[in-house]
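Next come the chains, spelled out residue by residue.
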Amino acid sequence: MIDTQIDDHKRVLVIDDDIDFADSLSDALTLHGFEVKTANSAAVAKEQVSKWNPQVAVVDNQLGTSRGIDLIPQLKEQSPEIVCVMVTAYSVIDAAIQSVRAGASDYLRKPVSPEEVVHSLNNCFDKVHLRERREQAEMALMEREAKLQAIMGSVADGILMISAAGAIESANPAAHNLFAYPAATLAGSNVAALIPGGVATLELAAESSLEDGATAGWTVGRRRSGEDFNMELNVGRMMFHGQSYYAATIRDVTERQRHQTELEAAKTEAELANGAKSEFLANVSHELRTPLNAILGFSEMLMKEKFGALGSHHYIDYAKYIHDSGSHLLAIISDILDVSKIEAGKLAMHLEVTNVATLCDSAIALVKTRAQKNQISLVTDLAADMPDLFVDPRITRQILINLLTNAVKFTDQGGTVALAATRRDDGGFRFTVSDTGIGIAAENIERVLLPFGQVDDLYTKNKEGTGLGLPLAKRLAEMHDGTLTLESELGAGTVVTIDLPPSRVRSD
């Protein structure tokens, strides 16, 4: 950083072989705020200049056997910036001319009053300060230019300064690399060699930025070899010394566009593959339902011995196993089919005003047998003034069944599963299914909300299922503009909340 402080110390060296005159002048100048030292010979004067570095020297022309006119050039050789004032007893005009030629800035004739010397010195120091300010301004300008050049050299984007006529005034290293030109060879070239359309293209880009606030536009650049490439062009106008210029920032976007094209192609391919998968699952699920219905129907007939006794009770047990396994498989297939339909956007909702108590009772009824078998308590907590909901009753019932089934499955004997329903303060509605089961570790909560995202650990490895219950419930809730949130702690149970917006609530 350049020091911009002006030296306020006014150092004056009085050079005179008349010791009394030098001392009296020194005392007078000191009273006027100058720092003064004296020298009574040329040798002492040069030594003081070397050690003390005075800004101004008051030089008597007659210094014993030497002359002040001869000393001034020697002092300036030692200190080029020193300002010299010649003092002489001679009034001949030639002495004044010789003094100026020797390098003196002023000329005083003896006898001289202290006021005359002070006036001359003040003028000298005005020149000193003006020179110092000019030098500092020049140094600051050089520093700013050096910083600008460093920035221009380090940025990755190409930067061109172009005249109104299209001549390239300057170009940073990135611009030379971008257009494949040797270093420092673009200056003086016409911009049309790099940007087809030249000034017209620059003007269009500048106007576009002013009109719509765009930071950059797309255009074509041309390398030295004649190869065209896609680039991002940002153009601004500027005035310098009354002349108009364009400042153009250029970025090669060929690779970015290629990556974007590849990304879009990959996305399209993934969407097609996902659609094909969903369609395949839907078709397979549909085809499996027909034979499963036959298996369930015939196994139920065997269980009830509709056409006569089977002869052994083992056959009835086997028929029950077949029916239970088939029912489980049909439930899995139904979940897969629902997920496939949702992903394909083909799961239609049939909205109607629905009683909440009826929904909850039917869902509890379907999981009650399994809960009793596992000695799990089913608890309901339904508000007395529950409103009706404008929902798809089948889908909403499916949400509750999935959540209750999941809760029962992961709750050990003697545990409790609770279903609560209440209106929220904001006018929405909330279903809550909680259990005292094995719970879910915090790092696995996000995973279990993904399709087929089962957690495989010591607590869950002996639990059957596909991992579709929670994700399907979440997607079905979202179809009703609702949300599903899950809170759980390993070993302490799980709470799943379904929140429906006020638009799904019908007041009494």
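Numbering of residues starts from 1 in each chain and follows the order in which that chain's sequence is written. Reporting of local features is limited, given that this is a predicted model, to residues whose pLDDT is at least 70; pairs of side-chain atoms are given and counted only at 80 or more, and all residues count toward the totals for whole chains, interfaces and linings. Hydrogens and water are ignored here; the side-chain numbers use all heavy atoms of the structure.

Colleague: So what's going on with the sheet that holds strand β15 (residues 388–391)? Which residues, and what values?
Modeller: By the convention used here, strands pair only if DSSP detects at least 2 bridges between them. Here a helix means four or more residues in a row that DSSP labels H or I, a strand means two or more in a row labelled E, and each is numbered from the N terminus. Read across the open sheet, the three strands follow the order β13-β15-β20; overall the sheet is antiparallel. Two strands bound the open sheet, and with one partner strand each, they are β13 (352–354) and β20 (505–506). Strand direction decides the pairing type here: β15 and β20, joined by two bridges, are antiparallel. Counterpart to L389 in the pairing with β20 is V505.

Colleague: Lay out the confidence of the model for the protein chain with the relevant residues and their values.
Modeller: Predictor confidence is given residue by residue as pLDDT, running from a minimum of 0 to a maximum of 100. Averaged over the protein chain, the pLDDT score is 83; the fraction of residues at 70 or greater is 87%. By definition in these notes, contact holds between two residues if any of their heavy atoms fall within 4.5 Å. Segment residues 1–6: pLDDT under 50, and twelve contacts once partners within four positions in sequence are set aside and those in other chains are kept. Long-range and interchain partners of residues 455–463, a stretch whose pLDDT sits below 50, account for 13 contacts in this model, where long-range means more than four residues apart.

Colleague: Now, about the packing of helix α11 (residues 393–409) against helix α13 (residues 469–479): what can you tell me, with residues and values included?
Modeller: Only the stretch in contact is used when fitting a helix axis, every axis being a line fitted to C-alpha atoms; angles between N-to-C directions are given from 0 to 180 degrees. Where α11 meets α13, the closest approach of the two axes is 9 Å, and the angle between their N-to-C directions is 150°. Relative to α13, α11 is oriented roughly antiparallel. Along this stretch, α11 crosses α13, giving a crossing that reads as left-handed. Listed contacts from α13 to I395, Q398, I399, N402, L403 and N406 of α11 are G469, L470, L472, A473, L476 and A477. All residues other than Ala, Val, Leu, Ile, Met, Phe, Trp, Tyr, Cys, Pro, Asp, Glu, Lys and Arg, Gly among them, are scored as polar; the first ten of these are nonpolar and the last four charged. Among the residues making up the contact of α11 with α13, the classes are represented as eight nonpolar, four polar and no charged. Here the word oblique covers every angle except those under 35 degrees (roughly parallel), over 145 (roughly antiparallel) and from 65 to 115 (roughly perpendicular). Working rule for handedness: look at the near helix, and if it is turned counterclockwise from the far one by less than a right angle, call the crossing left-handed; if clockwise, right-handed.

Colleague: Let's hear about the sheet that holds strand β7 (residues 104–109): which residues, and what values?
Modeller: Read from one edge to the other, the open sheet built from five strands follows the order β2-β1-β3-β6-β7, with strand pairing classed as parallel. The open sheet has two edge strands with one neighbour each: β2 (35–39) and β7. Within this sheet the neighbouring strands show an average axis-to-axis angle of 20°, counted without direction. The sheet contact formed by strand β1 (residues 11–15) and β2 spans five bridges and is parallel. Looking at β2, one finds that V14 is bridged to T38. Helix-sheet contacts for helix α3 (residues 68–78) involve β1, β3 (56–60), β6 (83–88) and β7, and the interaxial angle to β3 is about 155°.

Colleague: Before we move on, could you go through the environment of L75 and cite the residues and values that matter?
Modeller: Here L75 lies in helix α3. The sequence separation of L75 and E47 amounts to 28 residues, and the corresponding C-alpha distance is 9.8 Å.

Colleague: Go over the environment of R11, please, and point to the residues and values.
Modeller: One can find R11 in strand β1. In sequence terms R11 and E35 are 24 residues apart; their C-alpha atoms lie 4.7 Å from each other. Excluding residues that lie within four positions of it along the chain, R11 makes contacts with E35, W52, N53, P54, Q55, V56 and F125. For this analysis, a polar contact is any N or O atom pair within 3.5 Å, provided that within protein one partner can donate a hydrogen and the other can accept it, and provided that sequence-adjacent residues contribute only side-chain to side-chain pairs. Polar side-chain contacts of R11 include one of 3.0 Å to the backbone oxygen of N53.

Colleague: For helix α2 (residues 42–52), give the residues involved together with the corresponding values.
Modeller: Within α2, burial applies to A42, A45, Q48, V49 and W52. One face of α2 carries all of its buried residues, which in axial projection span an arc of 120°. Structural note: α2 exposes A43, S50 and K51 on the side pointing more than 90 degrees away from its buried face. On its buried side, α2 packs onto β1, β2, β5 (66–67) and α3. Buried means the residue's accessible area, taken with a 1.4 Å probe over protein chains only, is under 20% of the maximum for its type, while exposed means over 50%, and partly exposed covers the values in between. The arc in question is formed by the directions pointing from the helix axis toward the C-beta atoms.

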